[in-house]
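# Summary of the model geometry
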Amino acid sequence: DWTPAHFVSDTVAALQKQIGQRKVIMALSGGVDSTVAATLIHKAIGDRLMGIFVDNGVLRKDEFEQVLSTYRQIGLNVKGVDAKNLFYSQLAGKSDPEAKRKTIGRLFIEVFQDEAKKVEGVELLGQGTIYPDVIESVSVHGPSVTIKSHHNVGGLPEKMHLELVEPLRFLFKDEVRRVGAELGIPDDLLQRHPFPGPGLAIRILGEVTEEKVRLLQEADHIYIKGLKDHHLYSTVWQAGAILLPVKSVGVMGDERTYEFTVALRAVTSVDGMTADWAHLPYTFLADISNDIINSVKGINRVVYDISSKPPATIEWE
Ligand code: XMP
């Protein structure tokens, strides 16, 4: 019978056999899959696993510091790399969604390879690939058409000539979470919503600037914290705020304002392939709208996305 405990003991033994005395490097994203995979590998080989967590400038508010501190709490050997300015400078002037994705994917690989070079004698690359990724990459990147290029942290190049270590390759998400719980990974990390590799860059429609990232981080933080405080976070598959390239007129006191619009998105789904917009309570939406407009200067209007997938997608880019 499959149990998380059996999976952990079998996998640790298999990893020790595969890796031997060699070193493994791995990109960590703060997400469930890479964290569980890294924790398993760490259990097998200790600090011969070296994790790299890159701040690409489009993470959520305080995410870099919080995730790094959770990693340290778990005991992982992780290096945080602040590459924000590199990403901002290369994103400047780019407004096409695929161009933004490609830029982020390329820079991520560059930063990761630079770090990998600094680790002497590394021979293996850890990855948090799970079973649906294996299937999705076939259907999304298949011979027909590329709908969206999904640059997850998985997309590291074959040319690095590293042997792959993928302990979660045959697991579904719910199994990954059960394994994570068995390994003692904190629940708030295990229950996190999926978050795209290109991060807030694809939730800022059009060109990404540091200032827009800051605005969106504040709005998103209010929304996500509200969902958690109202016990709604775990009822949805994924939620986030989107900064629209639309300014509209509002009033604040006696002043006329002309500021940005934020769209709130929340969906229910089983696998992200199809999704329904979440019927969040009106009272909740009203509170969040007030909080955002009153506390985030630069945003004067909040709208709620009531589109399902298909034909809409979860992300707006
Ligand atoms: P869509 O927008 O296609 O999203 O309905 C489905 C799921 O995939 C995530 N997503 C991405 N993940 N890189 C990623 O790692 C990407 O470029 C990307 N685009 C979408 C999205 O957040 C949702 O969970």
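Just so it is clear, the model here is predicted, and its values are computed rather than measured. (Residues numbered from 1 in each chain as written. Predicted model: local features only at pLDDT ≥ 70, side-chain atom pairs only at ≥ 80, totals over all residues.)

Moving on, we get to the sheet that holds strand 3 (residues 78-82). Spatially, five strands are ordered 3-2-1-4-5 in an open sheet, and the strand pairing comes out parallel. One side of each edge strand has no neighbouring strand; the edge strands of this open sheet are strand 3 and strand 5 (163-165). Going across the sheet, the axis of each strand differs from the next one's by a mean of 30 degrees, ignoring polarity. Bridging between strand 4 (residues 122-126) and strand 5 involves three bridges; their strand directions are parallel. When the bridges of strand 5 are listed, Gly-126 appears paired with Val-165. Packed onto the sheet, helix 5 (residues 97-118) meets strand 1 (23-28), strand 2 (49-55), strand 3 and strand 4 and runs at close to 145 degrees relative to strand 2. (Pairing = 2+ DSSP bridges. Helix = DSSP H or I, 4+ residues; strand = E, 2+ residues; numbered from the N terminus. Axes fitted to C-alpha atoms, helices over the stretch in contact; angles between N-to-C directions. Contact = placed C-beta atoms within 7 Å.)

A word on the domain arrangement of the protein chain. The domain boundaries assigned to the protein chain delineate domain 1 (4-190) and domain 2 (203-304). When each unit is reduced to the centre of its C-alpha atoms, the spacing between domain 1 and domain 2 is 28 Å. In this complex, domain 1 contributes eleven residues to the contact, which on the side of domain 2 involves ten residues. For the side of domain 1 that touches domain 2, the per-class residue count stands at four nonpolar, three polar and four charged. (Domains from an automatic or database assignment. Nonpolar A, V, L, I, M, F, W, Y, C, P; charged D, E, K, R; others polar.)

On to unusual backbone geometry, then. Put simply, Lys-309 and Pro-310 share a cis peptide bond, and its omega is -15 degrees. Along the chain, Pro-310 turns up in the segment after strand 9 (299-304). Residue Pro-310 is joined to Pro-311 through a cis peptide bond whose omega torsion reads 5 degrees. Along the chain, the position of Pro-311 falls in the segment after strand 9. A positive phi angle, close to 60 degrees, is found at Asp-62, a residue other than glycine. Phi at His-231 is positive, roughly 55 degrees, even though this residue is not glycine. Mapped onto the fold, His-231 is located in the loop between helix 9 (210-229) and strand 6 (238-252).

Attention shifts here to the confidence of the model for the protein chain. Averaged over every residue, the pLDDT of the protein chain is 93; residues scoring 70 or more account for 93%. For residues 140-151, every residue scores under 50 in pLDDT, and the model assigns this stretch eleven contacts once sequence neighbours within four places are set aside. We note a pTM of 0.91 for the whole complex and an ipTM of 0.99 for its interfaces. (pLDDT = per-residue confidence, 0-100.)

Another aspect to go through is helix 1 (residues 4-19). The end-to-end C-alpha distance of helix 1, which contains 16 residues, comes to 22 Å, matching closely the 22 Å that a straight helix rising 1.5 Å per residue would cover. Residues of helix 1 that are buried: Phe-7, Leu-15 and Ile-19. Along helix 1, the residues classed as buried sweep out an arc of 70 degrees about the axis, all on the same side. Facing away from the buried side of helix 1, by more than 90 degrees, are the exposed residues Ala-5, His-6, Asp-10, Ala-13 and Lys-17. Those residues of helix 1 that are buried are in contact with strand 1, helix 2 (32-45), strand 4, strand 5 and helix 7 (173-182). Positioned one or two residues after helix 1, Gly-20 has a phi angle of 60 degrees, which is positive. (Expected span 1.5 Å × (residues − 1). Buried ≥ 20, exposed ≤ 12 C-beta atoms within 10 Å, placed from the backbone. Arc of directions from axis to C-beta.)

What follows concerns the pairing of strand 4. Pairing between strand 1 and strand 4: four bridges, direction parallel. Across the sheet, the residue bridging to Val-24 is Leu-124, located in strand 4.

Another aspect to go through is the environment of Ile-292. Counting through the fold element by element, Ile-292 comes out in helix 10 (residues 282-295). Not counting residues up to four positions away in its chain, the partners in contact with Ile-292 are Ala-219, Ile-222, Val-262, Ile-299 and Val-302.

On to the packing of helix 1 against helix 7, then. It is the contact of helix 1 with helix 7, at a shortest axis distance of 9 Å, that shows an interaxial angle of 80 degrees. With respect to helix 7, the axis of helix 1 lies roughly perpendicular. When helix 1 is examined against helix 7, the residues Pro-4, Ala-5, Phe-7 and Val-8 are found in contact with a partner set consisting of Arg-178, Val-179, Ala-181 and Glu-182. For the contact of helix 1 with helix 7, the class distribution of residues is six nonpolar, no polar and two charged. (Parallel < 35°, antiparallel > 145°, perpendicular 65-115°, else oblique.)

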